[in-house]
Structure formats: structure tokens, C-alpha cells
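# Descriptive analysis of the structure
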Amino acid sequence: MQMSKLALYLVTMNRFILYIAIIGTCFFISHISINGTNQFKGRDLVKNISYKLPDGWIASSSDKQFRLLEINLENNEDFSLVVFNNIQGTADQNIDRWIGQFKKDQSFNADNIVIKRDSLDNKYVTSIEMYGTYEVPRMGNNTAPAVVQSNYGLLGGVVEFPNSLYFLKAVGNDELIKRSSVSFEEFLYSIELN
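All of these numbers come straight from a predicted model, not from anything done at the bench. Numbers given to residues run from 1 along each chain, matching the order in which its sequence is written. Per-residue local features of the predicted model are confined to residues with pLDDT of at least 70, and side-chain atom pairs are confined, for both listing and counting, to 80 or more; whole-chain, interface and lining totals are unaffected and use all residues. Water and hydrogen atoms were dropped before computing side-chain values, which therefore reflect all heavy atoms in the structure.

### Brief notes about the sheet that holds strand β1 (residues 44-46)
One requirement defines pairing of two strands: DSSP has to find at least two bridges between them. Only DSSP runs of H or I covering at least 4 residues are called helices, and only runs of E covering at least 2 are called strands; the numbering of each starts at the N terminus. Read across the open sheet, the 3 strands follow the order β1-β2-β10; overall the sheet is antiparallel. With partners counted over all chains shown, the strands left at the sheet margins are β1 and β10 (192-193), one partner each.

### Considering the pairing of strand β3 (residues 57-61)
For a regular strand, side chains alternate in direction, first toward one face of the sheet and then toward the other. The pairing of β3 with strand β4 (residues 67-73) spans 5 bridges and is antiparallel. Paired with Ala 59 across the bridge in β4 is Ile 71. Between the end of β3 and the start of β4, which pair antiparallel, lie 5 residues, with Phe 66 showing a positive phi angle near 75 degrees.

### Description of the sheet that holds strand β7 (residues 124-135)
Ordered by their spatial adjacency, 7 strands build an open sheet running β3-β4-β5-β9-β8-β7-β6, and the pairing between neighbours is antiparallel. The open sheet is flanked by β3 and β6 (114-119), the only strands paired with a single partner. Ignoring strand direction, the axes of neighbouring strands in this sheet form an average angle of 15 degrees. A contact between two residues is defined here by any heavy atoms of the two lying within 4.5 Å. The convention used is that axes are lines fitted to C-alpha atoms, helices contributing only their stretch in contact, and that angles between N-to-C directions extend from 0 to 180 degrees. Packed onto the sheet, helix α3 (residues 174-190) meets β3, β4, β5 (79-85), β6, β7, β8 (148-161) and β9 (164-173) and runs at close to 10 degrees relative to β8.

### A look at the environment of Gly 56
Of note, Gly 56 is situated in the loop between β2 (49-51) and β3. Looking at Gly 56, the relative accessible area reads 26%, which means it is partly exposed. Between the C-alpha atom of Gly 56 and that of Lys 103, which follows or precedes it by 47 residues, the distance is 30 Å. Exposure categories follow from relative accessible area, calculated using a 1.4 Å probe and restricted to protein chains: below 20% of the type maximum is buried, above 50% is exposed, and the middle band is partly exposed.

### Quick look at the nonpolar core
Counting residues in each nonpolar core, the largest one holds 26 residues, and the members touching the most others are Trp 57, Phe 79, Leu 81, Leu 168, Phe 184, Phe 187 and Ile 191. Contributions of two or more residues to this core are made by β2, β4, β5, β7, β8, β9 and α3. In this structure, Ile 191 is in contact with Arg 43, Ile 49, Ser 50, Tyr 51, Lys 123, Val 159, Phe 161 and Leu 168, ignoring residues within four places of it in sequence. In terms of nonpolar packing, the next biggest core, distinct from the first, is built from 17 residues, Phe 108, Ile 113, Tyr 134 and Val 158 among them. Working definition of a nonpolar core: buried Ala, Val, Leu, Ile, Met, Phe, Trp, Tyr and Cys residues. They are joined through side-chain atoms within 4.5 Å.

Dropping the structure here:
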């Protein structure tokens, strides 16, 4: 029995659509195997980590030693966040150093320092939140004049993977730091190795 022209056309079109679907799927799988799934999940990459940036935050790769990212807010408010890698010290040593960057004056209250620790399947996360009078680090230049910021806050975090540590430090106006604490925590926990 011979197929009608219409039936032959439909069989040919079905095959053509099936081949296009197979080729498209192969290209999609190849793209994911080469580039990963980050762009589909709204994640960005820097070096060997991926992250999800909160709305209103602007990140730029840094060319400074040990810095991976420098992050500011879109509206240029008094807030800056830096993501570091390969700096010296453990999570606790760096947290102690951050605490030491606040003056022990009347605005300082050690009871208001909030440190959280969380152990996940593939990483260990430590965070700190504190407020007071902040002395900007001089980065080894002890002859530089001290810069002191009143009513300041710090959000810090350490993400520990089996073979690497990433440090996050955000400083700024205390009210802005308080408003940014939830976004900071989301950003901190979004960091994954690639």
C-alpha cells in the first residue's frame, strides 16, 4: 500500500522536528557541560566560585592582591563589601581581627557582637555582625593618619570549603549595615565552589 502525499509529508515533518529537537538538546547539553548552569540560575562567577548577587548590589572583579570582588550598592550609599581569598589566618583569627578594628569606647558593647556558625554538607559558614566606632585599617602603613568612623557597622563572613577559605567583610553606616544584613547572609550562603 502506497502512502499518500499528505501522509508522506507528515512523516517527513515529524522526522525533521525530531532531528531538530535532538540536535538542539545536544547543543544545550554541550553548552551546559562547557559553561555550567550558573547563567540559568542567575549566578555569577569569579575565579573558582559562583555566587548570587542581591538586588541593588554591584560587583566588580578586583585586581588588588587577595581580593576577588568589590561590591557597592547601586545608590552609592556608605557601604562596601570585599570578598577575599588566600589571606592569612583562620576564620576565628580574622573575626578577632575584625572585632579589634572597633574602638573600645562608649559605643562598644561586646554583648552586641553576634557570631553565627553553620555546618552544611559541603562548607562551613561563620558570620559576625557588630556596631560601634570603626577604625579603618591602615594596611601595614602605620604612618598614615587614623581614619575613624562613628556609628559604623560590620558584617563579616567566612566560607570554608575543604581546601579553601573565602572571607567577606562589609562595612558602612550602621543603619545601612542593619538593613543589608539579610542580603549579606543570602550572599554569604550563595557562595559555592565551581
